[in-house]
Each structure stands twice: as C-alpha cells, then as structure tokens.
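The residues making up each chain are set out below.
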Amino acid sequence: MNHVNYTRIGQAAERRRTVGKTIVYVLLTLWGLIVLFPFYWMLLTSIKSYASYNTEYIPRFFPTSPTLQNYVDSFTAVPLGQYFLNTLIFTVATTAIMLAVIIPAAFAFARLNFRGKNLLFTLFLALMMIPNELVIITNFTTVTDLDLRNTFTGLILPSVTSVFYIYLLKENFAQIPDELYYAAKVDGTSDFKYLCRVMVPICRPTIVTVTILKVIECWNSYVWPRLITDDPAYYLVSNGIQEIRENGFGRENIPAMMAAVVVISVPLIVLFLIFRRQIMAGVARGGTKG
Amino acid sequence: METRNRTAWLYLLPAILFLGVFMIYPLFDVLIYSFEEGYNSAAQTFFGVGGYNYAFVLHDPYFLQALKNTFILVLITVPLSTGLALLISVGLASIKRLRHLFQTVYFLPYVTNTLAVGLVFMILFKKTPYTDGLVNLILNLFGAGSVDWIDGPYWAKMFVLCFYTVWVVMPFKILVLTSALASVDQTYYNAARIDGSTRWRTFSHITLPMISPMLFYLVITGFIGAFKAYSDAVAIFGTNLNAAEMNTIVGYIYDMLYGDSGGFPSYASAAAIILFAIVLTITVINLLVSRRHVHY
C-alpha cells in the first residue's frame, strides 16, 4: 500500500517539474521572439519591393517576390558606402590610437615606480565618474575653435582615452609575476621591449576584450559625430541612417531604409557571432550601456 | 622596484595629455560657462557672472518637459528592466538545454546600432496612410482600436520609448545577473534542499541575498544610464525631439549647444550641471540604501 503511494507522490512531483520546466521554456522563448522579431522584420521588409510593401495593408510575414533592389538603392541612391567607409576609418583609427595611449599608461601604473603614483592613480579613478555630457560642451567648442569640424581628427581625438580601460588593463598587467620582469632585466631587455614581448602577449585576452568593446562603441557612436559633422561626406553610419531617414529615399521608402539598416547592423552581428565568448565575458567585466 | 620618474611620466604622457585637454580642462570650463551670463559664442564675450543661466534653464518649458520625460522614463524602465532581467536570468539558470542559444539571442541588442534598430521599432508602431503598422493590426485583432504611437498621444509615445529602452538595456542586465547566479556556491542550495526548504524560500533567503551586490550595481548603473537617455528617443522620434514632446535632459543639452535652436553653450552647461547634480544625488541615495540592504 505504502509503496503505491510513494510512486504516486513521485509521479506528481515529476509532473509538477515538467509543468514548471515548460512554463520556463515558454517564457524564455517569448522573450527570445521579442528580441529577434525586429531583426526578422527588417530583413523581411528589406527584400520587399517598394510597390508591394505599400500595397500590403496587412503586411505579409513572408516575401512573395523577394528583390535585392533595395540593397542596390542604398548604395547608389544614398551614399551609404561613404558612411560605411567613414565609420570604418573612424573605428580603426580610434581603436588603434586608444591602444597606443592606454597600454603604456597601464604599464606605467602596473610596473613602474614613480613619485606621485598613488595620487595620480586615484585622480584617474575619480575621472571615471565624470559623465561625457559634462565635458562634451567644451570639447565641442575646443574642436570648433581649432577648425577641426568635419575632419577625422576632430572626430577621433576626444574619444581616444578611456580611464576605465586603463584601469582594466592595469589590473591585468599587475597580475604578471615580478620575477619575469627581473629575469628580463638581467637579460638586458629594455622596458619597452618587455612590455611588447612579454606583457602584451600574456594579457592578450584583456586587450582583445578592450578592443572589441571599443569597436562596438565606435560603430554605434552618434552624439559626438552629430555635433562635430554637418557635412555628409564625414557622416558615420548612425548619422547617415538619420540623414537617410529625414532626407534620403523619400520619407515613405521604408524597404530601402530597412536595407540600409541591415547593411549597418550586419558587421557587428558577424563580429559578435565570431567573438561571442570574448565579447560576453568582456561586457560582463567592463560593459556599460545599462 | 627602482624609482624611475622620467620613464614613467613618459609612458603616461599621451594619456595625461588627452585626459587633460578633453576631460579635466572641460570640467572646469563647463562650470565657468554655466555662470557666465549672456555669453556670445561668436564674439566670445559675456556681460556678467551669476546664476541667470540656471534660472533660465529651470524656467524653460522645454527643459521642464525634458525633465519630466526623463524622470518618467527612469522610473518605468529601471525597475521594469531589472525585474524582467532577474526573472529571465533565474529562468536561464534553471535549464540546461538551449541555454547557450537563449543567451546568445538575448545578447544581440547589445551589438546593434541604436539608431538603426530604432527605425525598425518606428515602422512596427507607426501609422501611415498605407498601413496602420503591425502593432496596431495585432491590437485590432483583439478588438482594440488603432493608436498613433509615433505622432499621437503622449503616453502612447512614452510607451514606445520605454519599450525600446528596455529592449536595448536588457542584454547587459541579463548577462550580469546570469554570471552572478552562476557564481553562487552550490553548497548553499544543497544545504537548503536537505533542510526541506521550498523553492521560493530558497530564492528569497539564499539566491537574492547572494546576488544582491550585483543587483544593486545594476540598479545604480541603470539609473545613471537611463538619466542619460537620448539616442533611443532620436532613433524613434527623429532629431526634433521638442516638437515630438519627447525630449530628454541630454537631448536638451545638445539642442542648446547645436542644431536649429543651438548656439547657447551657457544654457547647455547649466543644464549639464543640473543633470550631473541629479545623477549624483540619486547615486548617493542608492549607495546609502544598498549599504543597509545588501549583504556582502
């Protein structure tokens, strides 16, 4: 008699667990759909022709006569290629200069000993609390006064330092045992060579993380480029898409706009799918955009 | 370590130079700007020192609108996104199959261009002569009437803005909470199970206290981030946010600085300092609250 009861209790518990699991999966799938749907919709709309999009009062969920014309249009009717190239130049240059600035700084904090080190480092940390909005006004005036509006120099210079990345890298550099440094010194290696040959390779994961985070930030930057460029020849993709929206294909050509949106979104999504692990680990450690 | 001043400063020189020019100098400059009355950016002259810029900004209806919008946005999106992220992370922690797939999908909004994907949200909600938009059609399916979400009533627009903001900030929160949940020592759960603790009790007495530092970190960064909202609104309503009644404090600063209504760096500076004061106050309050409730 007892034996039967135990089986029944077990079955009930099992059933409850299955129901619970199902609810969890349903809810998770629901959020997944909410996340994915805009991507699906932009892809779908981008391959509909202008005519068919505007005749569908109730939009179809599958394209009836897919066309790539919108993609051709977004490179010929509006200078999307130019925006793309500008963003690429901006992203590569900013990231490269940033690495050249922050790696030596992190090295000095982690490895070298000098008067005022602690004070300076505290000062650096305090700078992390300064919001961008507070300093952007003066930077705008500075860059305008230097006649650097509508130049890459003006776009790039204010965004090449990041106190937070210096801090992240310094913490990582500091974990490398001192013995390595002394061994290198005995062999007559210079500081700079030691930094390049030993520290940078050992800390490559962190450097890759910082690089990727900076690339994402650059690719999506909108506010500073908007302030500093009003010549479409220097627009980055964010400003480009805004320009396309307001003056581009004509307000109603939504499929062509969506093609431009797809073109702009693809590079980062591909980058993400390749470096998924590093990006997610990096953002968990040092991301913002909360 | 031997002390070598010159080398060290040489390594630090580029960073100090950039930070000095683009961060420390502006910090003082913005304060000075905000107290210079009647500053003319073309002639670089001003005719007085005082609090007029602050008074002007605080009485500007556009600023008050921006302030109201920002506060509503913050009060809705921060609790909502944090709560939702907690729910999803707990769900993720309880499953094994498909977990990585879900995590990857949930992270996608982080790597998308806010301006570009905002356009997609706009067309999903927008009512045009050709179509009412997908969201309205779904509403019609349930018997509700169409709403003009993008150019219509205030709360409809605010809803779209909040929805998009939550969509954008979720990846970071889910990621942080998922790693926080994963780092809770399994021993505590085993002990709770031996004691016959119910699921809810385990959650509220073990999980929640253990991840509370991360939860508060998210609340704090969430508040800071939401107070600085701007590009999300531009993405949906276009650059003329004042006309759409959807401006934010940061949007007001940039409008004052540049654009059709721009050329007033003094007003922009005053608004920026007011924003900074608000954010600082909220952060301090958050820290005080967390000291009382967070278990380390």
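Residues numbered from 1 in each chain as written. Chains lettered and ligands numbered in written order. Predicted model: local features only at pLDDT ≥ 70, side-chain atom pairs only at ≥ 80, totals over all residues.

### Remarks on the overall build of chain A
Turning to step 1, where the next piece is worked out: Along its length, chain A carries 15 helices and 0 strands.
Turning to step 2, where the next piece is worked out: Its C-alpha atoms give chain A a radius of gyration of 26 Å, more than 25% over the compact-globule value 19 Å for 290 residues.
Turning to step 3, where the next piece is worked out: When its C-alpha atoms are laid out on the principal axes, chain A stretches across 80 × 70 × 35 Å.
Turning to step 4, where the next piece is worked out: Here chain A, with 290 residues, has 40% of them falling under the buried criterion.
Turning to step 5, where the next piece is worked out: In chain A, 76% of the contacts between residues at least 6 apart in sequence involve partners at least 24 apart. (Helix = DSSP H or I, 4+ residues; strand = E, 2+ residues; numbered from the N terminus. Rg over C-alpha atoms; globule rule 2.2 N^0.38 Å. Buried ≥ 20, exposed ≤ 12 C-beta atoms within 10 Å, placed from the backbone. Contact = placed C-beta atoms within 7 Å.)

### What to know about the overall build of chain B
Turning to step 1, where the next piece is worked out: Looking only at helices and strands, chain B features 12 helices and 2 strands.
Turning to step 2, where the next piece is worked out: Along chain B, from the amino end to the carboxyl end, the secondary structure elements read α-β-β-α-α-α-α-α-α-α-α-α-α-α.
Turning to step 3, where the next piece is worked out: Considered along the principal axes of its C-alpha atoms, chain B spans approximately 75 × 75 × 35 Å.
Turning to step 4, where the next piece is worked out: Sequence-distant contacts, at least 24 apart, represent 67% of the contacts inside chain B between residues at least 6 apart.

### Looking at the confidence of the model for chain B
Residues and elements named next belong to chain B.
Turning to step 1, where the next piece is worked out: Chain-level pLDDT for chain B is 88 on average; 95% of the residues reach the 70-or-more range.
Turning to step 2, where the next piece is worked out: Ranking the helices and strands of chain B by mean pLDDT puts helix α3 (residues 61-93) first, with 95, and strand β2 (residues 48-49) last, with 76.
Turning to step 3, where the next piece is worked out: We note a pTM of 0.90 for the whole complex and an ipTM of 0.88 for its interfaces. (pLDDT = per-residue confidence, 0-100.)

### Let's talk about the nonpolar core
Turning to step 1, where the next piece is worked out: Ranked by internal contacts, the top residues of the largest apolar core, which has 158 residues, are A:Val261 and B:Ala271.
Turning to step 2, where the next piece is worked out: Of the residues that make up this core, three or more belong to each of domain 1 (2-69) and domain 2 (78-286) of chain A. (Core = buried A, V, L, I, M, F, W, Y, C linked by C-beta atoms within 7 Å. Domains from an automatic or database assignment.)

### Structural notes on the domain arrangement of chain A
Residue and element names in this part refer to chain A.
Turning to step 1, where the next piece is worked out: Partitioning chain A into structural domains gives domain 1 (2-69) and domain 2 (78-286).
Turning to step 2, where the next piece is worked out: One C-alpha centre belongs to domain 1, the other to domain 2; they are set 37 Å apart.
Turning to step 3, where the next piece is worked out: In this complex, domain 1 contributes 8 residues to the contact, which on the side of domain 2 involves 7 residues.
Turning to step 4, where the next piece is worked out: Elements with a contribution of two residues or more to the side of domain 1 that touches domain 2: α1 (2-46) and α2 (50-55).
Turning to step 5, where the next piece is worked out: The leading source of residues in the side of domain 1 that touches domain 2 is α1, at 4 residues.
Turning to step 6, where the next piece is worked out: Grouping the amino acids of the side of domain 1 that touches domain 2 by side-chain chemistry returns 4 nonpolar, 3 polar and 1 charged. (Nonpolar A, V, L, I, M, F, W, Y, C, P; charged D, E, K, R; others polar.)

### Looking at unusual backbone geometry
Peptide bonds are, in most cases, trans, and in most cases residues other than glycine have a negative phi.
All names here are of chain B.
Turning to step 1, where the next piece is worked out: The phi torsion at Leu98 lies on the positive side, around 70°, for a residue other than glycine.
Turning to step 2, where the next piece is worked out: Turning to its location among the elements, Leu98 is positioned in the loop between α3 and α4 (99-107).
Turning to step 3, where the next piece is worked out: Even without being a glycine, Glu245 presents a positive backbone phi close to 60°.
Turning to step 4, where the next piece is worked out: One can find Glu245 in the loop between α10 (231-237) and α11 (249-257).
Turning to step 5, where the next piece is worked out: The class for Glu245 is partly exposed, based on 16 C-beta atoms found within 10 Å.

### Quick look at the interface of chain A and chain B
Turning to step 1, where the next piece is worked out: The interface of chain A with chain B comprises 70 residues on the first partner and 78 residues on the second.
Turning to step 2, where the next piece is worked out: When residues of the side of chain A that touches chain B are traced back to their parent elements, those giving at least two are α1, α4 (80-111), α6 (132-145), α11 (204-220), α12 (223-228), α13 (237-247), α14 (254-274) and α15 (276-286) of chain A.
Turning to step 3, where the next piece is worked out: Of all the elements, α1(A) adds the most residues to the side of chain A that touches chain B, at 11 residues.
Turning to step 4, where the next piece is worked out: The residue inventory of the side of chain A that touches chain B, partitioned by class, reads 48 nonpolar, 14 polar and 8 charged.

### Some thoughts on the environment of A:Thr161
Turning to step 1, where the next piece is worked out: As for its position among the elements, A:Thr161 is in the loop between α7 (152-156) and α8 (163-173).
Turning to step 2, where the next piece is worked out: Note: C-alpha distance between A:Thr161 and A:Thr94 (67 residues apart in sequence) is 9.2 Å.
Turning to step 3, where the next piece is worked out: Once residues within four sequence positions are removed from consideration, A:Thr161 is found in contact with A:Met98, A:Val101, A:Ile102, B:Ala15, B:Phe18 and B:Leu19.

### Thoughts on the packing of α4(A) against α11(A)
Residue and element names in this part refer to chain A.
Turning to step 1, where the next piece is worked out: Where α4 contacts α11, the two axes come as close as 9 Å, and the packing angle between them is 145°. Crossing hand, α4 versus α11: right-handed. Between α4, through Thr87, Phe90, Thr91, Thr94, Thr95, Met98 and Leu99, and α11, the contact on the second element is made entirely by Thr211, Lys214, Val215, Cys218 and Trp219.
Turning to step 2, where the next piece is worked out: The class makeup of the residues in the contact of α4 with α11 is 6 nonpolar, 5 polar and 1 charged. (Axes fitted to C-alpha atoms, helices over the stretch in contact; angles between N-to-C directions. Left-handed = near helix turned anticlockwise from the far one by under 90°.)

### A closer look at helix α7 (residues 154-182) of chain B
Turning to step 1, where the next piece is worked out: Here α7(B) is 29 residues long and its end C-alpha atoms lie 41 Å apart, about the 42 Å a rise of 1.5 Å per residue gives.
Turning to step 2, where the next piece is worked out: Approximately 40° is the largest bend angle found in α7(B), and it occurs at B:Met170, with the proline B:Pro171 only one to four residues beyond. (Expected span 1.5 Å × (residues − 1). Bend = angle between axes of the 7 residues up to and from the residue.)

### Details of the environment of A:Phe275
Residues and elements named next belong to chain A.
Turning to step 1, where the next piece is worked out: Tracing the sequence through the fold places Phe275 in the loop between α14 and α15.
Turning to step 2, where the next piece is worked out: The exposure class assigned to Phe275 is partly exposed, which follows from the 17 C-beta atoms found within 10 Å.
Turning to step 3, where the next piece is worked out: Phe275 sits 191 residues away from Phe84 along the chain, and the two C-alpha atoms are 21 Å apart.

### Describing helix α10 (residues 191-202) of chain A
Turning to step 1, where the next piece is worked out: For α10(A), spanning 12 residues, the distance from its first C-alpha to its last is 15 Å, which sits close to the expected 16 Å at 1.5 Å a residue.
Turning to step 2, where the next piece is worked out: The secondary structure elements touched by the buried residues of α10(A) are α4 and α8 of chain A together with α1 (5-35) of chain B.

### Side note on the packing of α3(B) against helix α9 (residues 199-227) of chain B
Residue and element names in this part refer to chain B.
Turning to step 1, where the next piece is worked out: Interaxial distance between α3 and α9 falls to 9 Å at its minimum, and their mutual angle equals 150°. Taken as axis vectors, α3 and α9 run roughly antiparallel relative to one another. In this structure, α3 crosses over α9, and the sense of that crossing is right-handed. On the side of α3, the interface is formed by Thr70, Leu73, Val74, Thr77, Val78, Ser81 and Thr82, while α9 contributes Leu218, Val219, Gly222, Phe223, Ala226 and Phe227.
Turning to step 2, where the next piece is worked out: Here the residues of the contact of α3 with α9 are counted per class, giving 8 nonpolar, 5 polar and no charged. (Parallel < 35°, antiparallel > 145°, perpendicular 65-115°, else oblique.)

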